[in-house]
Amino acid sequence: MATYVFKRIITIVPIFLIATFITFGMINLSPVDPAEAYFAAAHIQATDEALEQKRHEFGLDQPLLIQYVNTVIKICQFDFGISYVTNKPVWEEISARIPATIQLTIGSLLIAILVSVPIGFFAGIKKNSGIDHFSRFLSFIGASIPSFWLGYLFIFFFSVKLDLFPVEGTGTWEHLILPSLTLAFPLIALYTRLLRASILENLQESYVLFARTRGLHEMVIMGKHVLRIAISPMITGLGMNLGNLLTGAIIVEAVFSWPGFGRYFLEAIFNRDVPVIQAYVLLAAGLFLISNLIVDLIQMYIDPRISRKGRQLQ
Amino acid sequence: MLRKPVLIISMIILILSLALMGCSNESAENKEDTAGKSDNTLTFAWPRDIGELNPHMYNPSQLFSTSMVYEPLVSFGDGGELQPHLAESWDISTDGKEYLFHLRQDVKFSDGTSFNAEIVKKNFDAILKNVDFHSWLGFISKIAQTEVIDEYTFKLTLTEPYYPTIQELAVVRPVRFLGEAGFPQDGDTSKGVEKPVGTGPWVLDEYKVDEYAVFKRNEDYWGELPNVEKITVKVIPDAETRVLAFEKGELDLLYGEGVISIDSFNQLKSTGSYGTSISEPVATRQLVMNTTKEQLSDERVRQALHYGFNKAALVEGVTSGLEEKADYILPTNLPYTSDIDVTTVKYNVEKAQQLLDEAGWKLPKGKTVREKDGTPLEVELMYNSAESIQKTMAETLQAEWAGIGVKLNIVGVELTTQVERFKANEFEMNFFSNYGAPYDPHSFVNVIATEGFGFNEAISAYPNKDEIFSKIAKVTQTTDEAERQQLYSDILGSLQEQGAILPISYIKKIAIYKKDVSNFTFPANRDEHPFTGVSVKE
């Protein structure tokens, strides 16, 4: 088990290096000059001297390879550079905004679990019932409505028309509800379907038949046995989606003026604030890698066959 | 083993709830933010964070917020009148190189320190440490010396006469004055300021990055005290959310250029429950034709394109009355621009077709695009894809010009690409708009004369371009008012008459406010805040 974990952690290193390379390459493929973007953002017709000075300040006058090596060395020391726009360390800017994003992510995960488990469960055990149809409807909606539009709809109904929640801002739990719900919606759609399918599959298993012949009450079979096994794919889904949640937060944060780092990233893209873009992409990559690792470990804990299989293959 | 999954799910829920509670506790303190609404406060939304309020730098500080806290020596009033502000008066030497400013003696910074010639010099010197960086503002790179004559007299010496100096002193940045306590140890403000200490009518009271900023009225302000006690600026990046927040009543005022969509503005206006205003023209939206391109090098083609579309209908249709049809390449409310003698072009399809025929671009039988020596008359127009007005105008022009046998290809690009391609002369047609008050007309003509900014190369086919450039070089140096006016009239008239710069519409600002907001007026300076005269009924 320990060697397995160790090996998994080691594989993260090359993947991360590849991620730095790809990010760096992509940013440099873009024809836009960050120095030019700096002045364009300020609506100033910059002179050549001013552009030259900015390029030097950003280190853009050095050869690409040196720029790349410098970047990687700095990142290894957890230094993501200085933001082109605000002149402050990128890490400082990002870490100030992470708590808000985490709060939003947690809120939506909670909503997603609390809504999708009961709906998925009942939709599964009562196939083609009213609740099953409802879950199907919910899934189609959740999977197909873009979150920015959903956000506007929520604001319009719950905030402007019904006056239940504030339109934007932070501070109280009321501020959290609408953005979390918006972010949770696609997840609800996904998890409900996942759980429903898994329950249907388990219903075919012989242990269910056996339990029935033992004369156990139907609710007991479903609640105590089927749900416990069927929920396992959902846990995998949860972990896999942690990264998606953070990236999905970009749009939701912009719509609800949520002061998180997704919105900060969006602004950085418009301003060609390269160090910020780089840091964001790398953090997102890191998050995907780590959350996948954690999910694998949890899976292994739930079902030791996975790690045994791994050993047998070697 | 079977218990594990459910256990884990319950654990996840428990941990998440605890974490959430932890997160919400830390920010529970700013509840009063919405509670304190009833007092004499104006709540306003802006797309971006107000930034660090550094008067000597550009990003991320926002112009309107900088102008609330910091003040200029000279202010730009209605009709382009330059009025005394922190400088009570000024004397200009006859050679136009020496400027003597007599400063107001009753001005204090918000921390109680006094405003005097010493601090003026200190600010100038901090700006001049980055002279290249500020070189876009003409007079900065012409400064030879800054001197303190006595406590309230400051002298600025230039290397050559430059009349727009006084006008450029009204610009929101970089020449506004930071108090002693705001300077960092080494005096270099380009890396940041210690705290925002200014002489302006507003003082930053509370600030949360990316969320809001509260400005308090400066009770010791030397000038006219604002009517409103507090201004709350909420940072709302999304235009539709701004509209919804306004409809819900969380905002008192929306103001600016392009802050909400035209549809939203008209929809809110049509409800009749809000006050609305539209400003005087702040800039002209222009279409620039690159005369180095074969098909646009002929003046007759350029004129034909101007005659060949219904400008009034285009502007009305695209902007629903928020912009106004423009007949001149600069708005006529700017200094020296009201007396330009050009023939205004009226929509005339026959004339357009006749001009194209004369230029040799004939319509072959059975075809829809004109040709000359087998080459079809095709032009490419570049627009900023993030600007819906440019996009819709481009599409309309495409349809209109198809009617006179011109094929217009339209290409949407990002703002920075648009700027870069314009500067590199890699375009056929482009949208541009001038800078507005207090930068124009001199900044606009200067950009035209300077190589590498796009215009200089774009008007290469003008037979009198060297004459235009030499007049532009002269206009900022002359000390004779009448001669200056004459030069501007010649330059602007000639630029427009030959058709490479085509005025489309006058860009305006909009404001929409609740009925209890009164006396809203637009500042004459495009970048200045509008809050001084506004009042809110309690």
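All of these numbers come straight from a predicted model, not from anything done at the bench.

1. Describing the overall build of chain B
A count of helices and strands for chain B gives 16 helices and 23 strands. A compact globule built from 538 residues would reach a C-alpha radius of gyration of about 24 Å, and chain B, at 27 Å, matches this within 12%. Seen through its C-alpha atoms, chain B measures out along the principal axes to roughly 85 × 75 × 50 Å. Taking all 538 residues of chain B together, 57% fall into the buried category. Considering only contacts within chain B whose residues lie at least 6 apart along the sequence, 69% involve residues at least 24 apart. About 21100 Å² of surface is accessible on chain B, with carbon and sulfur atoms providing 48% of the total. Separation between the mean location of the 52 positive side-chain charges and that of the 81 negative ones in chain B comes to 5 Å.

2. Some points on the confidence of the model for chain B
Residue and element names in this part refer to chain B. Mean pLDDT over chain B: 90, with 95% of residues reaching 70 or higher. Per-residue pLDDT stays below 50 along residues 25-37; that stretch engages in 14 contacts with residues further than four places along the chain or on separate chains. We note a pTM of 0.86 for the whole complex and an ipTM of 0.82 for its interfaces.

3. A short note on the interface of chain B and chain A
Every contact between the two is made by 58 residues of chain B and, on the other side, 60 residues of chain A. Roughly 5800 Å² is buried in total at the junction of chain B and chain A, and carbon and sulfur atoms are behind 62% of that figure. Where chain B touches chain A, the interface holds five salt bridges. Arg263(A) is paired through a salt bridge with Asp210(B); the nearest N and O atoms lie 3.7 Å apart. Counting every contact that joins chain B to chain A gives 10 residue pairs in polar contact (both at pLDDT 80 or more). Listed by contribution, the elements that provide at least two residues to the side of chain B that touches chain A are helix H1 (4-26), strand S10 (230-235), helix H6 (239-248) and helix H12 (415-423) of chain B.

4. So, the pattern of salt bridges
This model, assessed by the stated rule, comprises 35 salt bridges over all chains. Glu57(A) is paired through a salt bridge with Lys54(A); the nearest N and O atoms lie 3.1 Å apart. Linking Glu57(A) with Lys54(A), this pair stays in helix H3 (residues 48-58), spanning three residues, or about one helical turn. Look at Glu57(A) and you get partly exposed, because its relative accessible area is 37%. Take Lys54(A): its relative accessible area is 1%, and that puts it in the buried class. One continuous salt-bridge network, built from bridges that share partners, spans Glu93(A), Arg97(A), Arg263(A) and Asp210(B).

5. What about the sheet that holds strand S19 (residues 429-433) of chain B?
All names here are of chain B. The strand order across the open sheet formed by six strands is S14-S20-S13-S19-S17-S18, and the pairing between neighbours is mixed. What marks the edges here is a single partner per strand, and that holds for strand S14 (324-325) and strand S18 (407-413). Two elements, S14 and strand S20 (residues 501-507), share two bridges in a ladder whose sense is antiparallel. Its bridge partner being in S20, Lys325 is matched across the sheet by Ser505. Contacts between helix H11 (residues 388-402) and the sheet are confined to strand S13 (283-289), strand S17 (378-384), S18, S19 and S20, with S18 contributing the most and set at about 165° to the helix.

6. Observations concerning the packing of helix H7 (residues 147-161) of chain A against helix H11 (residues 232-255) of chain A
All names here are of chain A. In contact at an axis separation of 9 Å, H7 and H11 are set at 35° when each is read in the N-to-C sense. Seen along the crossing, H7 lies across H11 with a hand that is right-handed. Contacts between H7 and H11 involve Ser147, Phe148, Gly151, Tyr152 and Ile155 on the former and, on the latter, Ile251, Val252 and Val255. Its residues assigned to classes, the contact of H7 with H11 shows six nonpolar, two polar and no charged.

7. Some details on helix H5 (residues 90-125) of chain A
If you check H5(A), its first and last C-alpha atoms are 50 Å apart, about what 36 residues at 1.5 Å a residue would give, namely 52 Å. At Ile98(A), H5(A) shows its largest kink, close to 35°, and the proline Pro99(A) lies no more than four residues downstream.

8. As for the nonpolar core
Counting residues in hydrophobic clusters, the biggest one holds 111 residues, and the most contacted among them are Leu73(B), Phe101(B), Phe115(B), Phe124(B), Phe139(B) and Phe215(B). In terms of residue count, the dominant contributor to this core is helix H4 (residues 117-128) of chain B (six residues). Not counting the four nearest positions on each side in its chain, Leu73(B) is found in contact with Pro84(B), His85(B), Leu86(B), Ala87(B), Phe101(B), Leu103(B), Phe115(B), Phe124(B), Leu169(B) and Phe177(B). If you look at the next biggest cluster of nonpolar residues, it comprises 103 residues, including Leu104(A), Ile236(B), Val301(B) and Leu377(B).

9. Looking at the packing of aromatic side chains
Using the criterion set out here, one finds 44 aromatic pairs over all chains in the structure. A centroid spacing of 5.1 Å and a plane angle of 70° characterise the contact between Phe121(A) and Phe122(A), whose relative ring orientation is edge-to-face. Their ring planes at 70° and their centres at 5.9 Å tell us that Tyr58(B) and Trp136(B) sit as a pair that is edge-to-face. Within this pair, whereas Tyr58(B) is found in the loop between strand S1 (41-46) and helix H3 (63-69), its partner Trp136(B) is found in the loop between H4 and strand S6 (143-150), the two being separated by 78 residues in sequence.

10. Section: a nonpolar patch on the surface
Residues and elements named next belong to chain A. Taken together, the side chains of Phe122, Ile131, Phe134, Phe137 and Met219 present a nonpolar region at the surface, about 450 Å² in accessible area. The dominant element in the nonpolar patch, judged by the number of residues it contributes, is helix H6 (residues 130-144), at three residues. Position of Met219 among the secondary structure elements: in helix H10 (residues 218-230). A relative accessible area of 39% means that Met219 is categorised as partly exposed.

11. Notes on a negative patch on the surface
All names here are of chain B. Together, Glu299, Asp339, Asp341 and Glu497 make up a region of like negative charge exposed at the surface. Summarising the element assignment, Glu299 is placed in helix H8 (residues 299-307). Looking at Glu299, the relative accessible area reads 33%, which means it is partly exposed.

12. So, the pairing of S13(B)
Note on strand geometry: in a regular strand, side chains alternate between the two faces of the sheet. All names here are of chain B. In terms of burial, S13 is a largely internal element, seven of the seven residues being buried. Every second residue of S13 is oriented toward a common face, with Ala283, Arg285, Leu287 and Met289 on one face and Thr284, Gln286 and Val288 on the other, all of them buried. In the sheet, S13 pairs with S20 via six bridges, with the strands oriented antiparallel. The partner of Val288 across the bridge, within S20, is Ile501.

13. As for the sheet that holds strand S5 (residues 98-103) of chain B
All names here are of chain B. The strand order across the open sheet built from four strands is S4-S5-S7-S6, with neighbouring strands paired in antiparallel fashion. Looking at the sheet topology across the chains shown, the edges are occupied by strand S4 (87-92) and S6. If you compare each strand with its neighbour and ignore which way they point, the axes differ by 20° on average. Bridge count between S4 and S5: five bridges; the pairing is antiparallel. Of the residues in S5, the one forming a bridge with Ile92 is Tyr99. Packing against the sheet, H4 makes contact with S5, S6 and strand S7 (153-158), and its axis sits at approximately 165° to S6.

What counts, and at which threshold
Residues numbered from 1 in each chain as written. Chains lettered and ligands numbered in written order. Predicted model: local features only at pLDDT ≥ 70, side-chain atom pairs only at ≥ 80, totals over all residues. Heavy atoms only, no water. Helix = DSSP H or I, 4+ residues; strand = E, 2+ residues; numbered from the N terminus. Rg over C-alpha atoms; globule rule 2.2 N^0.38 Å. Buried < 20%, exposed > 50% of the residue type's maximum accessible area, 1.4 Å probe, protein only. Contact = heavy atoms within 4.5 Å. Areas by Shrake-Rupley, 256 points an atom, 1.4 Å probe, with all protein chains shown as cover. Lys, Arg positive; Asp, Glu negative; His and termini not counted. Charge placed at Lys NZ, Arg CZ, Asp CG, Glu CD. pLDDT = per-residue confidence, 0-100. Buried area = accessible area lost by both parts, 1.4 Å probe. Salt bridge = Lys/Arg side-chain N within 4 Å of Asp/Glu carboxyl O. Polar contact = N/O pair within 3.5 Å; in protein donor to acceptor, adjacent residues only side chain to side chain. Pairing = 2+ DSSP bridges. Axes fitted to C-alpha atoms, helices over the stretch in contact; angles between N-to-C directions. Left-handed = near helix turned anticlockwise from the far one by under 90°. Nonpolar A, V, L, I, M, F, W, Y, C, P; charged D, E, K, R; others polar. Expected span 1.5 Å × (residues − 1). Bend = angle between axes of the 7 residues up to and from the residue. Core = buried A, V, L, I, M, F, W, Y, C linked by side-chain atoms within 4.5 Å. Phe/Tyr/Trp six-rings, centres within 6.5 Å; stacked < 30°, edge-to-face > 60°. Patch = residues over 30% accessible without salt bridge, like charges linked within 9 Å, V, L, I, M, F, W, Y side chains within 5 Å.

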